[in-house]
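Examination of the molecular architecture
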Amino acid sequence: MAADKSELLLIGPLRPVLASGFANFAVHSLAMVANRDARLSSLGHVRAMAVSAPGEPVDDRLFARLPRLEIISSFGVGYDHIDAAAAAKRGIVVTHTPGVLTEEVADTAIGLLLCTVRELPQAERYLRAGKWRESNYPLSPATLRNRSVGLVGMGRIGLAIARRLESFGVPVVYHTRTQRPELAYRHYPRLIDMACAVDTLIVIVPGGAETRNMIDASVLEALGPDGILINVARGSVVDEPALIAALKARKIMAAGLDVFVNEPEVPEELLTMENVVLLPHLGSASVFTREKMDQLLVNNILAWAAGKPPLTPVPETPWRSWR
Ligand code: NDP
């Protein structure tokens, strides 16, 4: 590794896989630094950055402080917290960790779907409260057996969810901007049309300006009173106040949410509703998968340091952009 490539700015925690992967680097951490501004001023020469905290904003103001920056290796497949367009303009390549978390997140989506449809967390709370002695938990009004699912997003994770649902015998259709002709699932160019045609939506698109509030009051209305919404994408994709209103008015039946607009804050109204299942953004959160994500974050930096193309650049910043 060239000597001037041996320094790394780290935003987020130095987990064990990162500590051993970056053993030959001088790692400058922005965590636990009281005067972040002063620390940044001393790091203008740094050429590589790792962002190990999901969601930590990385914007053009930060890039302006780091004029020699060439690569940002980010943890997670979603990178809506990183201004990739601004990075592209400055010739900085941004990498993420796609693929290694696909199956884990699809498992989580299916788990959340089953919990929401069959009220499994509510039933467990019932048992723990000692109520089973008094009477059986009521039959769940919903079942997967007569449902059809509309996937909002049919990328890596969407397809892994669809494959699982297929094995459950649940019909699947999808909405994306571009049809995937190689797939047999019906494609809806318009989300609202798909929401009218199904009773269950699973949202798995990227966050960011393009998808902000795409699940709005009209989509929820179209989904209807038997409707169930599962969001494993980003909180920003769902108009949260509209969702709360729809749940309260029983315009839809239930929701299962892994992500929220203002994490880790969750609206009080959702916390007190019985027809929602809430998870603390744990789509990919197993030791197994998180270690694979950390390793890919490391490998992207190591490839760059060895003068090779990073493994998984985001589409906005292909490797050639700064060479
Ligand atoms: P992909 O890039 O493989 O798939 C994204 C899909 O979304 C594509 O089908 C794309 O199709 C579609 N899409 C993008 N923009 C729009 C739009 N404006 N309207 C309709 N469809 C759109 O990503 P992954 O499947 O790997 O990951 C998807 C997202 O899941 C991540 O970006 C992340 O935000 C979220 N995620 C959440 C996790 C959690 O812990 N809950 C964990 C991991 C990921 P097209 O371009 O044709 O529109």
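About the criteria used
Residues numbered from 1 in each chain as written. Predicted model: local features only at pLDDT ≥ 70, side-chain atom pairs only at ≥ 80, totals over all residues. Heavy atoms only, no water. Near = heavy atom within 4 Å. Polar contact = N/O pair within 3.5 Å; in protein donor to acceptor, adjacent residues only side chain to side chain. Areas by Shrake-Rupley, 256 points an atom, 1.4 Å probe, with all protein chains shown as cover. Domains from an automatic or database assignment. Contact = heavy atoms within 4.5 Å. Buried area = accessible area lost by both parts, 1.4 Å probe. Salt bridge = Lys/Arg side-chain N within 4 Å of Asp/Glu carboxyl O. Nonpolar A, V, L, I, M, F, W, Y, C, P; charged D, E, K, R; others polar. Buried < 20%, exposed > 50% of the residue type's maximum accessible area, 1.4 Å probe, protein only. Helix = DSSP H or I, 4+ residues; strand = E, 2+ residues; numbered from the N terminus. Pairing = 2+ DSSP bridges. Right-handed = clockwise from strand over helix to strand, strands pointing away.

Lining the immediate surroundings of the ligand are 27 residues, of which Met-154, Arg-156, Ile-157, Arg-177 and Asp-258 lie closest. Interatomic distance of 2.9 Å between a backbone N/O atom of Arg-156 and an oxygen atom of the ligand. When the free accessible area of the ligand is taken as 920 Å², the share hidden by the protein chains comes to 87%.

Domain assignment breaks the protein into domain 1 (3-100 + 288-305) and domain 2 (102-278). Taking only C-alpha atoms into account, the centre of domain 1 sits 33 Å from that of domain 2. Between domain 1 and domain 2, the residue contacts involve eight residues of the former and seven residues of the latter. In total, about 550 Å² of surface goes out of reach between domain 1 and domain 2, with carbon and sulfur atoms giving 45% of it. Considering only the surface of domain 1 that becomes buried against domain 2, Asp-80, Gly-99 and Thr-289 emerge as the three largest contributors, covering 61% of it. With a shortest N-O distance of 3.1 Å, Arg-234 and Asp-80 are connected by a salt bridge. Summed over the shared surface of domain 1 and domain 2, the number is three residue pairs in polar contact (both at pLDDT 80 or more). Across the side of domain 1 that touches domain 2, the residue classes break down as three nonpolar, four polar and one charged.

Right, let's talk about helix H10 (residues 240-248) for a bit. Among all positions of H10, only Glu-240, Ala-242, Leu-243, Ile-244, Ala-246 and Leu-247 are buried. Considering only its buried residues, H10 is in contact with helix H9 (217-223), strand E10 (228-231), strand E11 (254-257), helix H11 (268-271) and strand E12 (276-278). Backbone geometry just downstream of H10 places Arg-250 in the positive-phi region, at approximately 55°.

The next thing to look at is the pairing of strand E9 (residues 200-203). With burial as the criterion, each face of E9 is covered, one bearing Thr-200 and Ile-202 and the other bearing Leu-201 and Val-203. Pairing between strand E6 (residues 149-152) and E9: four bridges, direction parallel. Within E9, the position partnered with Gly-150 by the bridge is Leu-201. Bridge count between E9 and E10: four bridges; the pairing is parallel. Note on E10: the bridge partner recorded for Ile-202 is Ile-230. Taken together, E9, H9 and E10 constitute a β-α-β crossover, and its handedness is right-handed.

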